[in-house]
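# Architecture at a glance
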Amino acid sequence: MEEDANQFPTKELLDNVPIVEDERDELEAPEFQVEFLPPAAEKGADSGGRRRPGNADADPGGKKTAAPARFQACGLRGTLGRLETLREEKELLVRKTRGELRACRQRIELIAKQQASVAAEVAAGREANNTASVGRLQAVSRRLCTELDDERALQSQLRAALLKSESAVWHIAIQKGQLEDVQASAQEEEAAARKGLRAHAAEQLHREEEALKKAERNRLLRVRKAMHLQKEHGLRHQKLVEDAKKNHKIAVKFLKASLGRIREQEREKEMGSQEHMKRRMDAVLALKNSISANRETLRKFQAWGQARAELAEQKARAQKEMILAQGGDAFRHLFHQRQRQELEAQNRAFEEQQRLRKQEIVGRILKEEAAGETRRKRRSSPTKATGRLTLRDETWGYISDVCEDRGTVALPRNLPQDSEAVSPPRASQLLEAISYESVQGDSGNITWEHDTLAEPEIPGLWQEDYKPNQVPKEEVDGKPVGGTKMDKDILARTMEQLRSRVTHRQVASGHEFKGRPFNSKPKLIHFKDFDVGKVYRKKITLINATHTTNHCKLVGVEEHLRDFVRVDFDPPGPMSAGMSCEVLVTFKPMINKDLEGSVSFLAQTGGFSVPLKCSTKKCMLSLDKELIDFGSYVVGETASRIVTLTNIGGLGTKFKFLRASESCEMDISQSVAKTSSLFTYGDKGIYDKITTSFSEQKIEGNESPPADMTSQKESGKLDGKKQEEGRPAESEGVTMSTVMTVPPNEEQTEISLGEVAEGEIGPFGSIKVPVIFTPIIPGAVYTKFKVVFKNQQCPTLYFRVTGVAIDVPVWVPKPSVDLKICMYDRLYQDSILVHTRSKAALRLKFEVCEELRGHMELLPETGYIQAQSSCAVQLKFLPRQSLPEDAGKYFDKESRVLEAPMTIRVADQIKPVGFTVHAVVTTSDLELSPSAVDFGHCTVYEAVRTQVSLCNLSLLPQGFGFVGLPKFVDVQPSDGFGTILPLETLQLDVIFQPTKAKEYNFELVCKSEINRCFKLSCRAVGVRPPLGLSHYQVKFAATSLYHTSVATLYVINSHVSMSSLTHSAPRVGSEDVSPVGPTTFEFLPPPDSPITISPLVGTVLPGKRCLVQVAFRPVLPTKLILQEALQTLTKEAEVKSPCKDTVTQRKDLRRQSSTLRLQGRDHPPQASTTQAAKLQKLDLKPSSDEYQAAQATLARSFQGRFDKFVVPCVVASGDTEDRKGTEPLSFSPHNTLYLELWCPAVAPSLVVTSDKGKTIFNFGDIAVGHRGIKKVSIQNISPEDLTVEFSVLNPSGPFILLTPIGKLPAGETQVLTLSFSPRESILARETLDIITKRDTLSLTLVGTGVASTITCSIEGDVLDMGYVIAGESVSSSFKLQNSSALPIRFSMQLDSLSSSRRGKSQQRLPQFLAFPAQRTEVVGTQNHSGQSVFSVIPVEGVIDPGKTQDFTVTFSPDHESRYFSDRLQVVLFGKKLSHQILLKGAAREHMMFVEGGDPLDVPVESLTVIPTCDPEHREEAEELKPILVTLDYVQLDTDMPAPPATRELQVGCIRTTQLSPKKTVEFSLDGAASLQHKGFTIEPSRGFVERGQTKTISISWLPPADFDLDLHSWCQPCCSSRGM
């Protein structure tokens, strides 16, 4: 409490007061008290006097004592304000502390109640002996006790803080009361000081009024003296002014003439330099075009020369061979041919020399002709034609004949041909003809055999039947009316001779009459102001002026008037002296043109004529004065004079008054019309022909550049000017005025014209135009005006205006006060200095325009300025928001420029002194767009960014900053602070990242540097999804093309409880909490992206997490690869396209080169377009060679790429396995998670250069046990050396890397050798990774191991040949099919013929000595003859893929045995054992056989020699071979009888080749009765068997009743057969 009370001691608050002056104190400063006169004091003043020195000295002391008092009062107000702010803060802290203390007491009461309830529950639990509940409740009780102690400690702290804050509030109140007392005393002192100041001001006002009256009396006295002096010096001043005017006029005249000459010279120099530069540019362009054309021509000539050389060489070889074939001397022939060629070359050189001599002669003749033409022009009379041609004419005729050999080519197309006698050709024509002839003509057509030109070989003008150039009909019709000049001369001479015969002299009284025989009244027949198409008539009277009788006869009018004038005259006969007659003249105009001529009559004494004149309507304009002198006027006054424009003609026109330096469209049209009138009819025809020829040349070939055409046009114009040399100089001046446009000079605007400065003046009318003189700048003013007319025949009229401006005595040195750029509601000040040159003090009144008085102020409003001194005026400018509406015309709303006129009114002066205040008023607003931002739904795991535009509407830069930002909002860049330039718009990023799941409504405050606030409303909804990601941003390492980078993250389900106290429950804004349970997620990667996510869909149980792998594999776009492939195919197709290069095509190309060159720019060849269209139709698959080659090319030139992907992960409650059928889960868009992936892709460091860059190497089909080799070239395209490592291939696999490398330098290429050795039939695929520190190159190895798969048609691999009669043979066939894709080489091997078997059989016991269970030998009984029992065909061969091979096995036994057997092995490729076929067979001596029963002999015969018996004694040696059939009867149950024991025997008949009468064999068993007695039953006991068939005999035994079990029952029936 004491510390807070001592923070602001009273003494410190009173002493440390800042020195600040407000606006009111500033207005009361001493320097504004001297000349300040309020309006009220000015009106009520009666008298006054001078100031007393004592009062003047007393004022400063009082003001010095009043200033500290004002400072102290200002400091007290600031201290009281700070104390009030501190008191409010302390009171707020007290209220906050009391609230916390109240909440703490409520928590203590609540905890006490909980303790009581817990104690009751503990007592109840003890009574119920619930130990677990009692333990839990005791823990709760201990926790409540701890919380109670904490709350009580907090309560004590809050009480102490509350007491401290209250004490501080009390101390602040005490200090405030003390300061208020001090402030009250200070205010009393300030009021007393102000009262003294007002008294002092009243006294000073009284003194000033007295001084003002005295000054007014002095001023009136000075005015009277000035008027008297002005009257005295008036005459002298006027004389000086007149002299000055005259001198000024002379000086201006000479100055303008000098300036005009200088400007003319500068303009001529500039035009000359421009023309020179243009000519140089045109020459350079023409030279460039000529060089390119010459190069092209040179190439053509070279090609033609080569072709001619080749052709000549071929001809020479052919001639040489021909001569040699004929037996001639080829060398001699070639020598003569070379001599002949050299002679021809000498002749050509001689002809060229003659051509040059001809040109030289022509040049000399042209010079002489030019001199002769000049002399002829000087002579007045034309030379008479002579019958004989001179030598010069003969020469010209000869030259013209030479030129005619080229036809009309020698003559330029742009010049017309003359219809009169043949004139000598011009120099340009001759030079052009000869040069053209020398280049393109045939030198053999012109020969010079004589040294003189007297009789040329070529006929020319000297030939008698020579016909001059025929004049076209159009030119004949275009002759002037009346014939040529010679015709007119002949007619005049003839008429003179006729008149000399008719007329005679008249003599009266001895005096011969000389003079005009008849007088005309009027003397001139004048048709004025006629209109075309109307008829006008006039009568004239002819009076006989001779002394005697005279006759009068009408001769007619002049020839050019005959179409318009008709004269009606009836001859009266002889007329006495003084008599008269009338003549009627009728005029019907057909053209609007002035006509002059005469009407000719013939009298007895001679002819006479009456002049006739026809005048069109004309404008005859004039000004009443050429000089207007205003005299002397003070600056600011206005004077006016009238100038009158009068038209005394019958045609009106439009007029316009302009300054002499200004230009007008009427001048241009007039000059153009006059320029066009310079051309005569013939010249216009020439001009039209020239224009037509130039347009034709430009369209046809574009051979002549634009510069040539311009020069030709200029030459045509110059020729036209030469022909019009007789024109007056006025037209030439007009023409020059059209070419050179003089820019208007900036002249003074003191002298101006009135409102009627242009209009239309009618016939015989007048217009008065006021001329206004408004002096602005002191000094003499001179201006020259002109009057231009629309009528081209009216000359421009000029008049001059002069005046003298006299300056005012008061002026402002800065007539324009620039306040620069100002903001609304901000105060700006400036000081304005006013000077006077007057020798007396002047009273000034400062005025602000009425519209701006609320925004601008001049202080003081009224004051005095001493003689020849200056004073300062304070300007205050505080623009309000209403300035655009208040200022009106002084403020431009678009440019925001304020031009405020200020006025200083001087007493006894008409013109006030004005100055202008300029300011650009701008706003200080900052505009946020949009004004409200809705971030939408945003999860707590992400940040939402939106762009906001901050626009500075001001014309000044402003600092800004976003202050008081919430923790969940960020503004970038520069954390929301910066400086914005005028009218600039900045894009700011507002980043919102919620921390909780709730609804957000907040405002962002942007403050400017002048403490203006601009708010941005924001709203959003915070969302906490049920699932979360372990990483929300994955940054992959730089990955090469077609390589893979893998990142791992987890999807976590942390929602295990609905309680929001244990953890933040997932929800959307303020909605309900999401249910606890399995939650499903699904990643939605963008289509066609190099991102692979596994798994895309999954379910996470509460408290669990799911592993997710994200793979990034950059690839090239398919469209880009297809474009590259198409380009490659197009180039290959263009290379393969055949090029026909024949002589005919070369000629066609030369002939049509220009046409093709023009067409090739706009139209591509149709063949290439069609070919490209065909290539685009090709369907390229990724496995095609073209596709992979294009892919490898693009990979080598790949520059790298960086992509950023945002993958949404939608979340839904529930499990995908629990949904019914195809019912989809409801994914909420608000619970969506976002995974950001940064994916940089770079070019690979290693590339495959072999096989068009393919990384997949297919070995194809390789047979099992064989090996395939492939070589792979790899190149290091990185800028550094790489250490190479290889991944381990499968050791048990078929692929082997034969030539590994350890290091690969930069830019080099190494070759890897790979082998494929399949061990089984399998499609093998492995990846060989070439690992470097930059990346990994994966090579995919693919191969197919093709096993020798053969399918055998024998089932069970046992081929039983059956029974065969010994000595005979039987065959059986089977098939082997090759079901593999490779041809198989096979071989058939029998074990009986195997050498290995023999070696093994010698080391073991014979098979017949072994037990049956130990017998493993498959080779059974063999033939006694040593030949193999079994044989197979074919033994070896090749089976094609999918084909079948037939095999035939033959069984040929040579003795009887049932144990013939062998094993046939099918061996493939000499190594692999494919099949083992067991061959079995039996042989009998007889056709009948019985099989079955128990064996009684060994399966393999012994080595004893079997005696051979002949067939005759064989039957005797045969014995019956018994068959043992053992039957086992087993009875397990004595109660139930067992079934009888049963066995079967097979009785068969062998199919033999022997002839037999019967097809069947009968068999029978004897002793059936005895067998039945012993319990045996045989069925059937008799039957028939067909050949090749078998029949079954069933034998069963049932023991009889008296059978002894210890004994065996046996019997021996006999089986006999018939028909064998």
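Below: a short report on this structure. (Residues numbered from 1 in each chain as written. Predicted model: local features only at pLDDT ≥ 70, side-chain atom pairs only at ≥ 80, totals over all residues. Heavy atoms only, no water.)

## As for the pattern of salt bridges
Pairing between side chains of opposite charge can happen when the charged atoms of each approach one another. Basically, it comes down to this: Any Lys or Arg side-chain nitrogen found within 4 Å of a carboxyl oxygen on Asp or Glu counts as a salt bridge. In this text, helices come from DSSP runs of H or I with a minimum length of four residues, and strands from runs of E with a minimum of two, each type numbered from the N-terminal end. Whether a residue is buried, partly exposed or exposed follows from its accessible area with a 1.4 Å probe, protein chains only, as a fraction of its type maximum: under 20%, in between, or over 50%, in that order.
Per the stated rule, a full pass over the model turns up 31 salt bridges. A salt bridge links Glu203 to Arg207, with the shortest nitrogen-to-oxygen separation between them at 3.3 Å. Here Arg207 and Glu203 lie together in helix α6 (residues 131–232), a separation of 4 residues that amounts to about one turn. On the accessibility criterion, Glu203 (36% relative accessible area) is partly exposed. On the basis of relative accessible area, Arg207 is assigned to the buried category, the value being 7%. With a shortest N-O distance of 2.4 Å, Glu216 and Arg219 are connected by a salt bridge. Of the two residues, Glu216 and Arg219 are both situated in helix α6; the distance of 3 residues between them amounts to about one turn of the helix. For Arg219, a relative accessible area of 18% puts it in the buried group.

## Some words on helix α18 (residues 1118–1136)
Under the convention used in this document: Residue count minus one, scaled by 1.5 Å, sets the expected span of a helix.
The first and last C-alpha atoms of α18 sit 27 Å apart over 19 residues, in line with the 27 Å expected at 1.5 Å per residue. All of the buried residues along α18 are Ile1121, Glu1124, Ala1125, Leu1129 and Ala1133.

## Considerations on the sheet that holds strand β15 (residues 751–753)
The condition is simple: At least two bridges found by DSSP between two strands is the condition for calling them paired. In this analysis an axis means a line fitted to C-alpha atoms, helices contributing only their contacting stretch, and an angle means the value between N-to-C directions, from 0 to 180 degrees.
Across the sheet, which stays open at both edges, the 4 strands sit in the order β11-β13-β17-β15 with antiparallel pairing between neighbours. The open sheet terminates on both sides in strands that have one partner only, identified here as β11 (621–623) and β15. Across the sheet, the mean angle from the axis of one strand to that of its neighbour is 25 degrees, orientation sign disregarded. Pairing of β15 with strand β17 (residues 766–773), which is carried by 3 bridges, proceeds in the antiparallel orientation. Opposite Ser752, over in β17, you have Ile772 as the bridge partner.

## A short note on the pairing of strand β9 (residues 595–603)
The buried fraction of β9 is high, at 7 of 9 residues. With 9 bridges joining them, β9 and strand β10 (residues 606–616) adopt antiparallel strand pairing. Bridge pairing links Ser600 to Ser609 in β10. Between β9 and β10, which pair antiparallel and follow one another directly, the connecting turn spans 2 residues.

## Details of the packing of helix α7 (residues 234–326) against helix α8 (residues 330–378)
Worth spelling out the cut-off: Orientation is classified from the angle alone, with under 35 degrees giving roughly parallel, over 145 giving roughly antiparallel, 65 to 115 giving roughly perpendicular, and any other angle giving oblique. It is the rotation of the near helix from the far one that decides the hand of a crossing: anticlockwise by less than a right angle makes it left-handed, clockwise makes it right-handed. For this analysis, residues touch if any pair of their heavy atoms sits within 4.5 Å. Throughout this entry, Asp, Glu, Lys and Arg are counted as charged residues, while Ala, Val, Leu, Ile, Met, Phe, Trp, Tyr, Cys and Pro are counted as nonpolar. The remaining residues, Gly among them, count as polar.
Two elements in contact, α7 and α8, have axes whose closest approach is 9 Å; the angle formed by their N-to-C orientations is 140 degrees. Here α7 lies oblique to α8, going by the angle between them. Crossing hand, α7 versus α8: right-handed. In this structure, α7 contributes Gln319, Lys320, Ile323 and Leu324 to the contact, and α8 contributes Ala330, His333 and Gln337. Per-class residue counts for the contact of α7 with α8 are 3 nonpolar, 3 polar and 1 charged.

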